[in-house]
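# Breakdown of the fold
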Amino acid sequence: MKDRNVLSVMVVCLFSLILLSGFSVDTANAAGFAIVEQSVSGLGNAFAGGAAAAEDATTIFFNPAGITRIPDGELIVGAHIIIPSAKFKNEGSTHLLQSVTGIPLTGDNGGEGGVTVAVPNFYYSRQLGEGFVFGLGVNSPFGLSTDYDDSWVGRYHAIKSKLMTVNINPVIAYRVNEHFSMGAGLNFQYIKAELTSAIDFGTLDAIGAFAAMGLPAGALGLVPQGSDGYLELKGDSWGYGFNIGALYEFNRNSRIGINYRSRVDQDLEGDGDFSNVPAGLAPFPVFKNVDVSSNIILPDTLSLSFYHRINPAWAVMGDVTWTDWSVLDEIRFSFDNPYQADGVTTTAWKDSFRYSLGLSFTPDEIWTFRAGLAYDETPIPDAQHRTPRIPDENRLWTSAGMGYKISSKFSFDLAYAHLFVNDPRIEKTPTGEDAVRGGLTGSFDAKVDIISAQINWRF
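Residues numbered from 1 in each chain as written. Predicted model: local features only at pLDDT ≥ 70, side-chain atom pairs only at ≥ 80, totals over all residues. Heavy atoms only, no water.

### Section: empty space enclosed by the protein
The method is simple in principle: a probe with the dimensions of a water molecule rolls over the atoms, and the space it marks as empty is what remains. The condition that has to hold: Here a cavity denotes a set of grid points, spaced 1 Å apart and computed over the protein atoms alone, in which a 1.4 Å probe fits but from which it cannot get out, and a pocket denotes an open set meeting protein on both sides within 12 Å along at least five of seven lines; residues with an atom within 4 Å of a point are reported as lining. Grid points are joined across faces, edges and corners, and a volume is the space filled by probe spheres set on the points. Here a helix means four or more residues in a row that DSSP labels H or I, a strand means two or more in a row labelled E, and each is numbered from the N terminus. In the scheme used here, Gly and all other residues not listed as nonpolar or charged are polar, with Ala, Val, Leu, Ile, Met, Phe, Trp, Tyr, Cys and Pro taken as nonpolar and Asp, Glu, Lys and Arg as charged.
Under the counting rule described, the total for this entry stands at 5 cavities of 30 Å³ or more. There is about 440 Å³ of room inside the largest cavity. Along the wall of the largest cavity there are 31 residues; nearest its centre are F61, R261, T301, T321 and T323. Broken down by secondary-structure element, the contributors of at least two residues to the lining of the largest cavity are α3 (59-62), β6 (180-200), β8 (254-261), β11 (301-309), β12 (314-323) and β15 (352-361). Its residues placed into classes, the lining of the largest cavity shows 16 nonpolar, 11 polar and 4 charged.

### Observations regarding a nonpolar patch on the surface
Under the convention used in this document: Exposure above 30% relative accessible area and no salt bridge define the residues that can form patches, which grow by joining like charges within 9 Å and nonpolar side chains of Val, Leu, Ile, Met, Phe, Trp and Tyr within 5 Å. Here the Shrake-Rupley method, with its probe set to 1.4 Å, supplies the accessible areas, and only the displayed protein chains count as covering residues. For this document, the term salt bridge refers to a Lys or Arg side-chain nitrogen within 4 Å of an Asp or Glu carboxyl oxygen.
Taken together, V320, F353, Y355, L373, Y375, L396 and F420 make up a surface patch of nonpolar side chains, about 600 Å² in accessible area. Elements with a minimum of two residues in the nonpolar patch: β15 and β16 (367-376). Following the sequence through the fold, Y375 ends up in strand β16.

### Concerning the packing of aromatic side chains
Inclusion rule: Only the six-membered ring of Trp is used, alongside the rings of Phe and Tyr, when aromatic pairs are assigned; centres must lie within 6.5 Å, and planes under 30 degrees apart are stacked while those over 60 apart are edge-to-face, with the rest tilted. Relative accessible area decides the class of each residue, using a 1.4 Å probe on protein chains only: under 20% of the type maximum gives buried, over 50% gives exposed, and in between gives partly exposed.
In the structure shown here, the tally under the stated rule is 30 aromatic pairs. Centre to centre, the rings of F88 and W152 are 5.5 Å apart; their planes meet at 85 degrees, and the pair counts as edge-to-face. Taken together, the residues span a long stretch of sequence, with F88 in strand β1 (residues 74-90) and W152 in the loop between β4 (143-147) and β5 (160-175) at a distance of 64 residues. Residue F88 is classed as buried on the basis of its relative accessible area of 5%.

### Notes on the pattern of salt bridges
Here the structure, examined in full by the defined rule, presents 18 salt bridges. In this structure, E91 and R425 form a salt bridge, with 2.6 Å as the shortest nitrogen-oxygen distance. Of this pair, E91 sits in the loop between β1 and α4 (98-101) while R425 sits in strand β19 (residues 425-427), and the two are 334 residues apart along the sequence. The exposure class assigned to R425 is partly exposed, which follows from its relative accessible area of 28%. Among the charged side chains, a salt-bridge network with shared partners connects K428, E433, D434 and R437.

### Some remarks on unusual backbone geometry
Within the chain, A46 stands out as a residue other than glycine whose phi angle is a positive 60 degrees. When you line up the elements, A46 lands in the loop between α2 (40-44) and α3.

### Describing the confidence of the model for the protein chain
The test is simple: The score called pLDDT rates the predictor's confidence residue by residue, from a low of 0 to a high of 100. Every residue pair with non-hydrogen atoms within 4.5 Å of one another is taken to be in contact.
With 93% of its residues at a pLDDT of 70 or more, the protein chain has an overall mean of 93. A low-confidence stretch, residues 8-26 stays under pLDDT 50, and its non-local contacts, those more than four residues away or across chains, total 40 contacts.

### Things to note about the pairing of strand β3 (residues 132-139)
Operational definition: A pair of strands counts as paired when DSSP detects no fewer than two bridges linking them.
By the criterion of burial, β3 is predominantly enclosed, with 6 of the 8 residues buried. Here strand β2 (residues 117-129) pairs with β3 via 7 bridges, running antiparallel. Bridge assignment links G129 to a residue of β3, and that residue is F132. Linking β2 back to β3 in an antiparallel pair, the connection comprises 2 residues, with E130 at a positive phi of about 60 degrees. Pairing of β3 with β5, which is carried by 8 bridges, proceeds in the antiparallel orientation. The residue of β5 that forms the bridge with L136 is P170.

### Describing the side chain of Q225
Put simply, the rule is: Polar contacts, as used here, are pairs of N or O atoms within 3.5 Å; protein pairs need one atom able to donate a hydrogen and one able to accept it. Residues neighboring in sequence count only if both atoms are side-chain atoms.
Along the polypeptide, Q225 turns up in the loop between α5 (201-206) and β7 (228-249). Exposure remark for Q225: the relative accessible area of 11% places this residue in the buried category. There is a polar contact of 2.9 Å between the side chain of Q225 and the backbone oxygen of P104. Contacts of Q225, omitting those with residues within four sequence positions, involve H95, I103, P104, L105, T106, R155, Y156, D200 and T203.

### Quick notes on the nonpolar core
Stated formally: Definition of nonpolar core: a set of buried residues of the types Ala, Val, Leu, Ile, Met, Phe, Trp, Tyr and Cys, connected through side-chain atoms within 4.5 Å.
In terms of nonpolar packing, the biggest core is built from 26 residues, with L43, I67, W397 and I450 touching the most fellow members. When residues of this core are traced back to their parent elements, those giving at least two are α2, α3, β1, β2, β5, β18 (410-421) and β20 (441-458). Not counting the four nearest positions on each side in its chain, I450 is found in contact with E37, L43, H80, I81, I82, W397, A415, Y416, A417 and L419.

### Structural notes on a negative patch on the surface
Threshold: The charge count includes Lys and Arg as positive and Asp and Glu as negative, but it does not include His or the ends of the chains. To locate a charge, the coordinates of NZ of Lys, CZ of Arg, CG of Asp or CD of Glu are taken.
Residues D236, D265, D267, E269, D271, D273, D291 and D336 make up a contiguous surface patch of negative charge. Along the chain, the position of D236 falls in strand β7.

### Concerning the pairing of β7
Where β6 meets β7, 21 bridges bridge the pair, whose relative direction is antiparallel. Pairing of A198 across the sheet is with Y230, part of β7. As paired elements, β7 and strand β9 (residues 264-275) share 7 bridges and run antiparallel to each other. Residue pairing across strands places E232 opposite D273, the latter belonging to β9. From the end of β7 to the start of β8, which pair antiparallel, there are 4 residues.

Here's what the structure looks like:
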């Protein structure tokens, strides 16, 4: 009966989490658009020691081998409220026809581009006997959400950007001996994306972009930056990957861990919807609503961590994580229409590292207090390749948290983090793929706050 009750709770939490994820997991706070907020207890230490701490079932994400340290079954449900801020300041953005018309790229600063969201996590682990342990994690390892005013100066580059993932991760761990454990799992990952932007039909008309249709420059009589249409791209996909980790315990107080999460290849399929298209283009086979597709590779990661308990009260930990962001060279959507050119944004991202250190204080068997620092590198190579869809820059994490043991079976964790983000700059030029989008130039005032809570049940 006991196992049946545990299973029932697990199923309810799992389906609740998947439902919630479908509506709210769409932000990013690690470099690029990765989501590292996978553990509230870990957030208190800025995720230092992620692959080595193995203090609860959230280690399923950071190192599946760590669940061999959990003596009983455990169920964890957590949520992170992420409050980003990204406010753009225009600093002389230029337009393709500026030398002719004298009019620069027009529009306001876009308002608050950051979107507050909730990111839930679910973890379950259970001893199977003979040194084997089963675990299940459901989380969102990647996501982004930015939203600007329809009339803002960067509207031809981006208006709304939303990407969410739901990752279902069953794992098996095995304790080889008293010092060494290993674990591995599969990742079944769903991704959904939505991107919107404006189309400057006035400028396309003025430069003769429709000449091949028998429409010479200016034939439609449209006004540059005054005859905007809009494009909405939507797509989703399932992809698959794996994670594998190892944990070595020198003794009861010191351990190191290594964890690898594979890349996931996603082939999105969906719709491309155009609106406010000039009537003069209606007879021609362009800017029609059609199916779209896109391939995106979500990067692999490798983490190396240590954990050391100095004495019964104090513990220190650290982590270095590498992310293979160089797999993201461009964002491309292809239209199921031979007359419609692909939508392309060149990213040219580079690999990045995240470094973190943490400290925990456990004065008794009830309370744990945590603090941590982390430095997170951006994968964006320069201001020219930065897009307002992902206004990312290097960031410094400061975090603090606490754990409270209600009883031998129940405990909870709270954590808070503030991310200091170097002001991201954008320096586009109205050439190449950005010719009609415009030379968006300016900087973002950016920061992030994270408030998190998690409940733990051991049985």
